[in-house]
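Read off the chains here:
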Amino acid sequence: MASHRCRKDPCGFICLILTYLSVIYADYVIIQYVLIPFWFSFHGVVFNLILVLLLACHFKAVFSDPGMVPLPEAAIDFSDLRSQSSRNNDRGSCEGWTLCNRCETYRPPRAHHCRVCQRCVRRMDHHCPWINNCVGELNQKYFIQFLFYTGLSSLYCIALVVVTWVWRFRGERERGGESETAASKHFIIAHYIILLAESILFGVFVMVIFYDQLVSIISDETPIEQVRNRLMKDKGASRPHPRKPTLALLREVFGRGSMLCWLLPLHSSPPMAGGIIYSALPDYDV
Ligand SMILES: [Zn+2]
Ligand SMILES: [Zn+2]
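Residues numbered from 1 in each chain as written. Chains lettered and ligands numbered in written order. Predicted model: local features only at pLDDT ≥ 70, side-chain atom pairs only at ≥ 80, totals over all residues. Heavy atoms only, no water.

Around the zinc ion (ligand 1), the protein supplies Cys100 (SG), Cys103 (SG), His113 (ND1) and Cys120 (SG) as donor atoms, at distances of 2.1 to 2.3 Å. Of note is the zinc ion (ligand 1), whose four donor atoms meet at the metal with angles of 98 to 123° in an arrangement that counts as tetrahedral. We note that the donor set of the zinc ion (ligand 1) lies within a single chain, spaced as C-x2-C-x9-H-x6-C. Taken together, the residues Cys103 in the loop between strand E1 (98-100) and strand E2 (105-107) and His113 in strand E3 (residues 112-114) connect sequence positions ten residues apart. By relative accessible area, Cys103 is classed as buried at 10%. (Donors = N, O, S within 2.8 Å, 3.2 Å for Na, K, Ca; no water. Tetrahedral: all angles 85-135°; square planar, octahedral: opposite > 155°, others 65-115°. Helix = DSSP H or I, 4+ residues; strand = E, 2+ residues; numbered from the N terminus. Buried < 20%, exposed > 50% of the residue type's maximum accessible area, 1.4 Å probe, protein only.)

Of note, Pro129 is situated in the loop between strand E5 (126-128) and strand E6 (133-135). Overall, Pro129 belongs to the partly exposed group, its relative accessible area being 26%. Spatially, the C-alpha atom of Pro129 lies 7.7 Å from that of Phe13, the residues being 116 residues apart in sequence. Once residues within four sequence positions are removed from consideration, Pro129 is found in contact with Cys11, Gly12, Cys15 and Leu16. (Contact = heavy atoms within 4.5 Å.)

As a further point, take the packing of helix H2 (residues 10-35) against helix H6 (residues 182-218). For any two helices packed against each other, one specifies the inter-axial angle together with the distance between the axes. One can describe the packing of H2 onto H6 by two numbers: an axis separation of 10 Å at closest approach and a directional angle of 140°. Judged by the inter-axis angle, H2 sits oblique to H6. Here H2 and H6 pass one another in a crossing that is left-handed. Residue-level inspection shows Ser22, Tyr25, Ala26, Tyr28, Val29, Ile30, Tyr33 and Val34 of H2 in contact with H6, the latter providing Phe187, Ile188, His191, Tyr192, Ile194, Leu195, Glu198 and Phe202. (Axes fitted to C-alpha atoms, helices over the stretch in contact; angles between N-to-C directions. Parallel < 35°, antiparallel > 145°, perpendicular 65-115°, else oblique. Left-handed = near helix turned anticlockwise from the far one by under 90°.)

Turning to the environment of Ile189, a few remarks are in order. Mapping Ile189 onto the fold places it in helix H6. Each C-alpha atom, one on Ile189 and one on Trp165, is 8.2 Å from the other, the two residues being 24 residues apart in sequence. Leaving out residues up to four positions away in the same chain, Ile189 has contacts with Trp165 and Phe169.

In the UniProt entry, the feature "transmembrane region" (unreviewed entry) is given for residues 12-31, 37-59, 146-167 and 187-211. Counting secondary structure, residues 12-31 comes out at 100% helix and 0% strand; the distance between its end C-alpha atoms is 29 Å. The span residues 187-211 carries 100% helix and 0% strand; its end-to-end C-alpha distance comes to 36 Å. (UniProt positions renumbered as here; feature names shortened; annotations may be inferred.)

An ideal rise of 1.5 Å per residue puts 38 Å on 26 residues; H2 measures up with 36 Å between its terminal C-alpha atoms. Residues of H2 that are buried sit in contact with helix H3 (41-63), helix H5 (140-175) and H6. (Expected span 1.5 Å × (residues − 1).)

Turning next to the coordination of the zinc ion (ligand 2). Any two of four tetrahedral donors ideally make an angle of 109.5 degrees at the metal, while pairs among six octahedral donors ideally make 90 or 180 degrees. Taken together, the protein ligands of the zinc ion (ligand 2) are Cys114 (SG), Cys117 (SG), His127 (ND1) and Cys134 (SG), with distances of 2.1 to 2.3 Å. Classification of the site at the zinc ion (ligand 2) as tetrahedral follows from its four donor atoms and the range of 100 to 117° in their angles at the metal. Each donor residue of the zinc ion (ligand 2) belongs to the same chain, and together they define the spacing C-x2-C-x9-H-x6-C. Pair check on accessibility: His127 and Cys134 agree, each one buried.

Here it is as structure tokens:
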């Protein structure tokens, strides 16, 4: 399983802990110092609903199989192929299938090897330490949903903190005095500043990645493929590839169901009609 292998990555483990601590801290400050003093019960429900969806999408992105190419049950003898094309082992393909020397298996078109997971992943986008897993064909939807809800909750936090801050201290001025001690006032302001910094930092970060993900889907090129295609273009060896409609490309990632389901971390139909069958290797003569 992907998640079992990736849990060994210390960077991924630290990022997971940091993610959960950031969510818990944001909820604590919003409930304790923003909503309760002003009885914004509606915002409390909406904010916590967004956090529940954020955590559910994160959980699915972390623990779902990103689309790992299964390893063969028996070792395959690649010696002939290696001797024939030791340099072109990533390109010596038959209908787009390639050979991975590290996994010692055949992989379908658009699959790439992840050095952290030590496995090939179908339509691999990148390895993300924040989910301690690869982003690939089967979990990209959950990853993008996680980015969306993180961005949304960050914006919500910023708006709630700024409005409460202004309201709180304008009210004090109108009442003509301080309702709290200086120490507690400074303590609350410190929480507001930390939460604002956290929200701006994570908000900007996830929005940039969210944008990149959408561009990568719409252009039908993962970042790995973008680099490879650019290199091939420079060498004059690029092949034009048929352009699919944008909606079809989005449905490949988010599923064929209602667009409302695109916002929920629900399992959707396989992105490719009929999926890829791995029970048999391609018809290679090895
Ligand atoms: Zn591999
Ligand atoms: Zn990986």
